[in-house]
Each structure stands twice: as structure tokens, then as C-alpha cells.
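# Examination of the molecular architecture
Here is what each chain is made of, one letter per residue.
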Amino acid sequence: MTKNDVAAILEEIGNLLELKGENPFKSRAYFNGARTLQTLAEDLGVLVREKRLGELPGIGDALQQKITLLVETGSLPFYDELKASFPAAILELLDIPGLGQKKLKVLYAELLIDNVDALEAACLDGRIAGLTGMGEKTAANILAGIMQRKKYAGLHRYGEIIEQAQDLLDWLRGHPDILRLSLAGSIRRAKEIVKDIDLIGSSADPAAVMADFILHPEIERVLSHGSSKSSVLFKGGVQCDLRLVADADFAYALHHFTGSKEHNVALRQWAISLGYKLSEYGLVAESAGAPTLTCRTEAEIFRALDLEDIAPELRENLGELEAAEKGLLPRLIEWSDLKGCFHNHTTASDGKNTLRQMAEAAASIGLDYFGISDHSKSSVHVNGLSEEQLLQQVAEIRLLNKELDDIHVFAGVECDILKDGSLDYEDAILSQLDYVVASVHSSFNLSEGEMTKRICRAMENPHVTMLGHLSGRLLLLRNAYALNIPDVLKVAAETGTWIELNCSTYRFDMDWRWWHQARDLGVKCVINPDAHSVQQIGNIKLGAQIARKGWLRKQDVVNCLDLDAIKNALKKPKL
DNA sequence: GCCGTTTTCGGCCCGACTGTTTTCAGTCG
């Protein structure tokens, strides 16, 4: 049982306890415990074995026992009994917008509603509207929530809505009554999955701004409309919340609504320890005689609390406050630090543009070098290259380099890691390339041990320069395969194998949560677009955002090296 | 159920908006 499995069970327990009418703080304790496990950098099995679970924040005696039982035996009688006292599908109803635990509890107790179809029927035949505390509008809202959920599932990949968010920001900034305006929420923190677009603005006439905001031509439905907050649903299914405050409150509101919630809770505690009370409205001295503070910017709020300015991407309560206190925050990478990239495809395998088009497009966004790595022969479904085709492409690249003077093209391959950890070409072929990206494209269902061994064996090959999309996940589509990432990181450090941060909007893989640890082990990151078209080369900008989230600096990312330095790095034997 | 320099009991972030209600509860972030 992985830590994510355990975390999912703790969350489920939290929800079931709320439905049961338990002390809400008790169920919150389960949610907190789940969150701790999800962001755990260590191996859960090791923690359990060494009886160190209690050292984790939010894990006390009771959770320690329950987690230990789950890890050691794979089951938990407390959970089984709790689950058995409710219908199987009831928690799915909590995903419907507008329906929380309290209403769900009433629906189940009064009408025995325990699935989406029964809920939909009850909305339509008037039974919902007849309950105390619920009326026609409640029924209509729940119904709209069911429809919305069916249509859009409510979650979005960061890389697919960030552009829309930026456009919206620009549109709204043109409003004459807007003073300041920023993205907030998880999209500002560059989370790989985003629920909605949060905007925070300041205005002397918020009602006027709101009145115009809800007239945006791309809006499908206005969900709520007030003078300080409005929510709309855009065509295409993205929800956007706009909050407006007085300009004096802007920095506080921006910080508050950027979150994360966990960061905010920690920062409030921190403020209390210094004698202040922090909220979205201000930073107020609690002790008599202390000066009243006015912060114009978030940086000023942090400074007032004796902290370095914490970048939004780092605000996850994963050590950023402690680092900011000691002046140890990393100087985070910027996309413009990137000088090139390595994992890109052409029409030779499954790309949409030719070798030359790709190289010229890379040059046009200012890159100094660019690597071509088409698929290897086992990936027949994506037109993987035979040995002859691959060597032919290498020859073409050598010729192209004589023509192009503003970019250098490296010849590589995305070589399949076969089921047993061997590679898809012989060493005699691989040795003729400038570099090799090794990736898993098949046999996803191996055990964790087998998959870990497979990938580690591939890294032992001296020709393997880097690992591609380490976990194989496709965001919102496919889970990562079973893999012991700490073990992989250890071997990557020992063998000098780089690990890719794949910038496909579906991947962002390796996950940002691991990079801080990888960095501390000395594992180098390489930010790659996995571009299958000229447009996708630009995804390295998104990748740099995610790298920032993983605490990465310029010196941790090899493709920040200039052309001469990267040539030397590629020539150097890795072992 | 967790936590602790006001500590082993009594808190646990809190305000906007909506809808159902005559003063407030639920949801959301």
C-alpha cells in the first residue's frame, strides 16, 4: 500500500466522519494527516518500520496506529466498519459543486439519496425543494452542479488554461476602474492541476468593474455576482472567481487568496508568534504600543514578519517559512535561463514538423542548442526508428549543423527502456549519438520492485544521458506506474544520470514534489518540452514554472549551461 | 484527532455570497 493509497483512505475516513456527524475537527485531523502523507518525501514503509510516524506534523497516536496497520496489513477494521455503515457511492456526491457534507447528510437521512442518479431524480421531482433549509433554487443549483460535473469534471491541466488566464488578466487590466490586478490561487502557484482561475484586484469602484466583468464575451453562465466577489463559468468549462478590494488591502488579499491554505495557516501562526494577527485585511499588532503596519506589497508583508520574500510557487508549507527566516530561499530559475533542450520529436517518428522546422523554431525563441530525440524501434505505434533510419537522421543533423549558424542541433534518441531494463538499441548504435533519453513506454503494470529495477538498470548504461517522463503519468488521464522514486534518485545520483522535467502539459513529470530532494542528492534536472510540434517547444516556459515549484535554481538545471559547457558535459563519461 | 513558552484542556482561519429564512446555515475558498 503506497502513501497515496493510505492518504486516500484517511481522506475518505474524514468525509465519512463528517457525514456521521462527528466533531468536525476530528475529521479535519484526518484530512491533515492525508495531506502530510501526500507531501511526504520519505518512504512511508521505512517510517513505519522505524516507528517515526509520530515525528510528522499532524500525526498523533491514533493516526500513527491506523497508518501502521494499513501499511503492515493492508487493511484497517475501523475504516471497513465505517465504510460499511454507508452506501458505497455516497462520497462521490461531495464532488458536486454546491453540495457539502451538511446537505448530503440531510439528503441521505431524509430521502435515502446515495448516488448521483437518485439525486438528479429528486431535484427534478420536487423532493429536494420540500426539505427544510432547501428550496427551488437549491434544487436547481444542485442540478446545474450535476450537469456541470458531467460535462467538465471540474479540473483543468495548468498548461492548458494558463494562457486563457493571462488573456483574461490583460483584458481586465484594461478596465479604467482597475488599480491593481493579479492571478491568485493555485494557478499563480503553478500547480499542475487547477480547479479554477482566481483573480484579485483593487478598485475604487468595484461595482463598476464587476458589472463589466460579467459581460466578458466568453462567459457561459454567471454563478454569482456581488460587488466584492463574482464567479463565472467560461465556455469550455473553466470557472473564474474575481475578488475586488480597496487598494490598501490589495497585498493582504493577494497573499491570502494565493494560498496555499496550508501556507496561510502556517504564516498566521508565525505572525501570532511575533505578536501580530494576519488576515486578508491586514497585519495588525496584537500587543499594545506596537506600530500599525501598512504593506503595499506581499514582499513588505514578509519583511514585516522578518522573512525573505517567498515566491508564490513555493507557498505550499513545505519548508518555505523556515528557509525564508534563515535567508536560505533558493534563487529560483527563470525560463530565460534556459539555453536549449533535448527531448523533441520530428516527422521521422510521431512529430508534426520536420527536423529543420523544429530547429529553426527553437532558434526563433532564442535557444542556442536543440536536441532531436525521436522514438526507438520498439515503439512501433509511434513510428519508432530502425537502426538505419536513426543513423540516417544523425547524418542529416550533422549536415544541417553546417548550414545553421544561430543554433546547434544535437543528435539523440528517445530510447525505450525494455521490460527487463535493457535498451532498445545496441551500445554500438547508442555510442554514435550525442545523448540518449531513456523512457518507459510499455509494460506499465510491473510491480514497484520490478519497475524500479528496470529503470535503475537502464541508468547503469553509460550511454543513457537522462531519464524521460519518469512516472509515466498523464494528468487527469492516467496514474503513474508503481515506482520507488527515492531509490531511482539515489541511482541517478550515483550514475550521474540527469532526470527530465517533461513539460508536456499532460505530464510535468518528474513531479515537482520530488525535485527538492533530488537537488539535495546532487541529481541534475533537464527541462524538456517533449515537443511534437514547433508550438510545443515553447512549453519549456511552463516547465520552468514547475521547476520553480520544485525549488530548482539555475545551477540545478543542466540546460541552463551555455553551448560550450553543455558540449563538454555530454562528452564527459558519466560514470 | 492534534497540539502546547498563556499547554494536558480547550481551541482548531474566517469572511463573502447564496438561499432560505425573519436572523441564519451551508458552501466555498
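Above this note sits the structure.
Residues numbered from 1 in each chain as written. Chains lettered and ligands numbered in written order. Predicted model: local features only at pLDDT ≥ 70, side-chain atom pairs only at ≥ 80, totals over all residues. Heavy atoms only, no water.

As a further point, take the sheet that holds strand S14 (residues 466-467). Overall, parallel pairing links the seven strands, which are arranged S10-S11-S12-S13-S14-S15-S16 in an open sheet. If you trace the sheet from one side to the other, it starts and ends with strand S10 (340-341) and strand S16 (525-528), each paired once. Alignment of strand S13 (residues 437-439) against S14, held across two bridges, turns out to be parallel. Residue pairing across strands places Val 437 opposite Met 466, the latter belonging to S14. Running over the sheet, helix H17 (residues 387-403) touches strand S11 (369-375) and strand S12 (408-416) and is turned about 165° from S12. Helix-sheet contacts for helix H23 (residues 563-571) involve S11, S12 and strand S15 (498-502), and the interaxial angle to S12 is about 40°. (Pairing = 2+ DSSP bridges. Helix = DSSP H or I, 4+ residues; strand = E, 2+ residues; numbered from the N terminus. Contact = heavy atoms within 4.5 Å. Axes fitted to C-alpha atoms, helices over the stretch in contact; angles between N-to-C directions.)

If you check the shell around DNA strand B, you find 44 residues, and the closest are Arg 28, Gly 60, Gly 98, Ser 228 and Lys 229. Lys 26 places a polar side-chain atom, nitrogen or oxygen, 3.5 Å from a phosphate oxygen of DNA strand B. Elements supplying a minimum of two residues to the surface near DNA strand B: helix H2 (24-38), helix H4 (61-73), helix H6 (101-111), helix H8 (136-152), strand S5 (219-225), strand S7 (239-245) and helix H13 (261-273). The biggest single contributor to the surface near DNA strand B is H2, with five residues. Its residues placed into classes, the surface near DNA strand B shows twelve nonpolar, 15 polar and 17 charged. (Near = heavy atom within 4 Å. Polar contact = N/O pair within 3.5 Å; in protein donor to acceptor, adjacent residues only side chain to side chain. Nonpolar A, V, L, I, M, F, W, Y, C, P; charged D, E, K, R; others polar.)

What follows covers unusual backbone geometry. The omega torsion across Gly 259 and Ser 260 is -5°, close enough to zero to call that bond cis. Relative to the assigned elements, Ser 260 resides in the loop between helix H12 (250-258) and H13. Along the chain, Asp 509 connects to Met 510 via a cis peptide bond; the corresponding omega equals 20°. Tracing the backbone through its elements, the reader meets Met 510 in the loop between S15 and helix H21 (515-521). A positive phi is found at Lys 51, a non-glycine position, where the angle reads about 55°. Structurally, Lys 51 is set in the loop between helix H3 (44-49) and H4. The phi dihedral of Phe 508 falls on the positive side, at around 40°, and the residue is not glycine. Summarising the element assignment, Phe 508 is placed in the loop between S15 and H21. Residue Phe 508 is classed as buried on the basis of its relative accessible area, which comes to 0%. (Buried < 20%, exposed > 50% of the residue type's maximum accessible area, 1.4 Å probe, protein only.)

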